Amino acid sequence: MSEYEIGFDASRGKREALNTLMDQIMNIYSVSDEEGALADAVEAFLKRQAHLTVRRHGDTLVASTGFGREHRVILAGHLDTVPVIDNFPPKWLEPGDPLIREDVAAAHPGERVIWGRGATDMKGSDAVMLYLAATLTDAKVDLTFVFYDHEEVAAEKNGLRKVVEAHPDWISGDFAIIGEPTDCGIEGGCNGTMRFDVVLHGVAAHSARAWMGHNAIHDAAEVLKRLNAYENKCIEVDGLAYQEGLNATLISGGNGTNVIPDWCRIHVNYRFAPDKTLPEAKALMMGADAGAELGNGEHKATGGVFEGFGIEMKDESPSARPGLDSPLAASLVTLVKERTGRDPLAKLGWTDVARFSILGIPAVNLGAGSPLLAHKHDEQLPESDLVLMADLLEDWLK
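Everything quoted here is computed from the prediction, not taken from an experiment.

### Considering the sheet that holds strand 4 (residues 91-93)
Item 1. Strand order in the open sheet formed by 3 strands is 4-5-20, and the pairing between neighbours is antiparallel. Each edge of the sheet is formed by a strand with only one pairing partner; in this case those strands are strand 4 and strand 20 (380-382). Strand-to-strand twist in this sheet, taken as the mean axis angle between neighbours without regard to direction, amounts to 25°.
Item 2. Taken together, the 3 bridges between strand 5 (residues 113-115) and strand 20 define a ladder with antiparallel strand orientation. For tryptophan 115, the partnering residue across the bridge sits in strand 20 and is glutamine 380.
Item 3. Contacts between helix 1 (residues 14-26) and the sheet are confined to strand 4, strand 5 and strand 20, with strand 5 contributing the most and set at about 10° to the helix.
Item 4. Sheet strands in contact with helix 10 (residues 383-397) are strand 4 and strand 20, and its direction is about 65° off that of strand 20.

### Some words on the pattern of salt bridges
Item 1. One pass over the structure, following the stated rule, counts 30 salt bridges.
Item 2. Note that aspartate 59 and arginine 56 form a salt bridge whose closest N and O atoms lie 2.7 Å from each other.
Item 3. The class of arginine 56 is partly exposed, set by a relative accessible area of 26%.
Item 4. A single network of salt bridges, built from pairs that share partners, joins Asp40, Glu43, Lys47, Arg56 and Asp59.

### Overview of the domain arrangement of the chain
Item 1. Domains assigned within the chain are domain 1 (14-190 + 320-397) and domain 2 (192-317).
Item 2. Distance from the C-alpha centre of domain 1 to the C-alpha centre of domain 2: 34 Å.
Item 3. Taken together, the contacts link 16 residues of domain 1 with 14 residues of domain 2.
Item 4. Across the salt bridge formed by arginine 321 and aspartate 238, the nearest N and O atoms sit 3.2 Å from each other.
Item 5. In this structure, the connection of domain 1 to domain 2 is made through 4 residue pairs in polar contact (both at pLDDT 80 or more).

### Description of unusual backbone geometry
Item 1. At the junction of phenylalanine 88 and proline 89, the peptide bond is cis and its omega measures out at 5° in the coordinates.
Item 2. The topology assignment puts proline 89 in the loop between strand 3 (72-78) and strand 4.
Item 3. That bond from aspartate 121 to methionine 122 is cis: its omega, -10°, falls within 30 degrees of zero.
Item 4. Note on placement: methionine 122 falls in helix 4 (residues 119-135).
Item 5. For cysteine 184, which is not glycine, the phi torsion reads 65° and is therefore positive.
Item 6. Assignment of secondary structure puts cysteine 184 in the loop between strand 7 (175-178) and strand 8 (187-188).
Item 7. Here the phi dihedral of aspartate 238 falls at roughly 50°; this positive angle occurs in a residue that is not glycine.
Item 8. Inspection of the secondary structure puts aspartate 238 in the loop between strand 11 (234-237) and strand 12 (240-243).
Item 9. For aspartate 238, a relative accessible area of 53% translates into the label exposed.

### Section: the side chain of serine 326
Item 1. With respect to the helices, strands and loops of the structure, serine 326 is situated in the loop between strand 17 (310-317) and helix 8 (327-340).
Item 2. Residues in contact with serine 326, not counting those within four places in the same chain, are Phe175 and Pro362.

### A closer look at the sheet that holds strand 18 (residues 345-346)
Item 1. In spatial order, the strands read 1-2-6-3-7-19-8-18; together these 8 strands make up an open sheet with mixed pairing. Bordering the open sheet on either side are strand 1 (53-57) and strand 18, each of which pairs with just one other strand.
Item 2. Pairing of strand 3 with strand 6 (residues 142-148), which is carried by 7 bridges, proceeds in the parallel orientation. Looking across to strand 6, one finds that arginine 72 is bridged to aspartate 142.
Item 3. The sheet strands contacting helix 5 (residues 159-166) are strand 1, strand 2 (60-64) and strand 6, and the helix crosses strand 2 at an angle near 60°.

Cut-offs and rules
Residues numbered from 1 in each chain as written. Predicted model: local features only at pLDDT ≥ 70, side-chain atom pairs only at ≥ 80, totals over all residues. Heavy atoms only, no water. Pairing = 2+ DSSP bridges. Helix = DSSP H or I, 4+ residues; strand = E, 2+ residues; numbered from the N terminus. Axes fitted to C-alpha atoms, helices over the stretch in contact; angles between N-to-C directions. Contact = heavy atoms within 4.5 Å. Salt bridge = Lys/Arg side-chain N within 4 Å of Asp/Glu carboxyl O. Buried < 20%, exposed > 50% of the residue type's maximum accessible area, 1.4 Å probe, protein only. Domains from an automatic or database assignment. Polar contact = N/O pair within 3.5 Å; in protein donor to acceptor, adjacent residues only side chain to side chain.

Now the structure itself:
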């Protein structure tokens, strides 16, 4: 039995129902590796909906309708958040509160805002999906709702990945929506991502007799030079512009303040556009035949940006093309354009649309909240975003 309870009074209207759900799930701590309590509460809520068949794998919940419709749409959202930064527990901010960001206040004057970890990434969308799971009992398509764990950490832990591998029949459909924050617009596809260490080796010696050794940290200068010289491109794919990025994000090395360092590691993150497969992106970084794979240790780059240096892979996920050419996607694009005036944009961060792309299921990102506020210490969401997202999906699915 869940320690927490999720539910709402339908008689009080949509806005109040959405705010109630949002408040409840925001108050359940769910940093990656600690999603269990929220998963338990979501499971109990879903099992109270008589029209849903609910299955669980680990801390991932899959709830499906059986209306017998011709098509099936998947609505997916992750339950975990990044670590808190003095932003839990959450709170509702009334208009004029100094914690409301100036940009949010300007775009949503006189409006309440919920502040705290996960508000935009992505408990706002989760709240909307829970509301739809309970209320869409007459949809024109069959629906599968997926609430999964471990999205914010290494791909090997991802709950959606695990359920697809263990129960592929649970995740089938004709179109999918990932509720990543998009300001309720459509963001198509996603950049791929890979993370790896560039490994430098030296020879240790006393710093008073440095000539007896070789300084691995000094060798990092050449790696940083190549990173600085690399031209990050903006690449158009199916009419959407994807900005690539190659950056060092961590550096470590050495064993003591008076010891010439015999090792140095530079952690690199490459975000690549969906005009490239994962093998093609790796070839650009380290050569096509370097042999560096997850879990197989250090290999020498045979080509690419880091030719000649040691490479150890840490994480990798493929990109996904926009997927806007399916009839279901086209109808959603038209509706969003009519309601918001927004044309589709490229998704620059990696999302699980890539997993659906691998399965042959067209998918887009559409969610409540600004993607610019994801992971920030002052993460916040205006309450009207919940209603807008719910209205868009209700009108599209009914």
